[in-house]
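# Per-entry structural report
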Amino acid sequence: MTADKLVDDAVSRICAVVSTELSAQDQARIRHIVAEMAVAMVNHTADECSDNVRRVYGPQTDIAHQIADEIKRRQVALIANLQSMR
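Procedures and definitions
- Residues numbered from 1 in each chain as written.
- Predicted model: local features only at pLDDT ≥ 70, side-chain atom pairs only at ≥ 80, totals over all residues.
- Heavy atoms only, no water.
- Helix = DSSP H or I, 4+ residues; strand = E, 2+ residues; numbered from the N terminus.
- Contact = heavy atoms within 4.5 Å.
- pLDDT = per-residue confidence, 0-100.
- Salt bridge = Lys/Arg side-chain N within 4 Å of Asp/Glu carboxyl O.
- Buried < 20%, exposed > 50% of the residue type's maximum accessible area, 1.4 Å probe, protein only.
- Expected span 1.5 Å × (residues − 1).
- Axes fitted to C-alpha atoms, helices over the stretch in contact; angles between N-to-C directions.
- Parallel < 35°, antiparallel > 145°, perpendicular 65-115°, else oblique.
- Nonpolar A, V, L, I, M, F, W, Y, C, P; charged D, E, K, R; others polar.

As for its placement among the helices and strands, I33 is situated in helix α2 (residues 24-56). Considered as a pair, I33 and D9 are 24 residues apart in the sequence and their alpha carbons are 9.5 Å apart. Once residues lying within four places of it in the same chain are set aside, the contact partners of I33 are A10, R13 and I14.

Listed below in structure tokens is the structure:
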């Protein structure tokens, strides 16, 4: 799924819960939706970057694996930070 589709999905979900005056529950639901979207975008971007690294550095697999591992490590840290915002 592309980043644009993820954003469109988040907007649709937000519009589905917005009322004239947002209750605390609505605000919590919106925060949850945005956090889910952010995690999905991080996962999508990390997967895309890892695929590109493997494609570019294919013959030098050791370097490709090191870069892919670093991307994954940073992805895990970012997701942990985003989940703590919930």
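With that settled, the discussion passes to the confidence of the model for the protein chain. Looking at the protein chain, the pLDDT average stands at 77 and 88% of residues meet or exceed 70. Between the elements of the protein chain, mean pLDDT differs from a low of 76, seen in helix α1 (residues 3-17), to a high of 80, seen in α2.

Within this structure, the stated rule accounts for 4 salt bridges. Close ionic contact of D9 with R13 constitutes a salt bridge, the shortest N to O distance being 3.6 Å. Placement of both D9 and R13 in helix α1 is noted, with a separation of 4 residues, approximately one turn of the helix. Relative accessible area serves as the criterion here: at 32%, R13 is assigned to the partly exposed category.

Moving on, we get to helix α3 (residues 61-84). Between its terminal C-alpha atoms α3 stretches 34 Å, which fits the 34 Å expected from 24 residues at 1.5 Å a residue. Here α3 has its buried residues at A64, A68, Q75, I79 and L82. On the buried face of α3, the contacting elements are α2.

For any two helices packed against each other, one specifies the inter-axial angle together with the distance between the axes. Across the interface, α2 lies against α3 with an axial gap of 9 Å and an inter-helix angle of 175 degrees. The angle between α2 and α3 falls in the class roughly antiparallel. Contacts between α2 and α3 involve A38, V39, V42, N43, A46, C49, S50, V53 and R54 from the first element and A64, I67, A68, I71, Q75, L78, I79 and L82 from the second. Among the residues forming the contact of α2 with α3, the class breakdown is 13 nonpolar, 3 polar and 1 charged.

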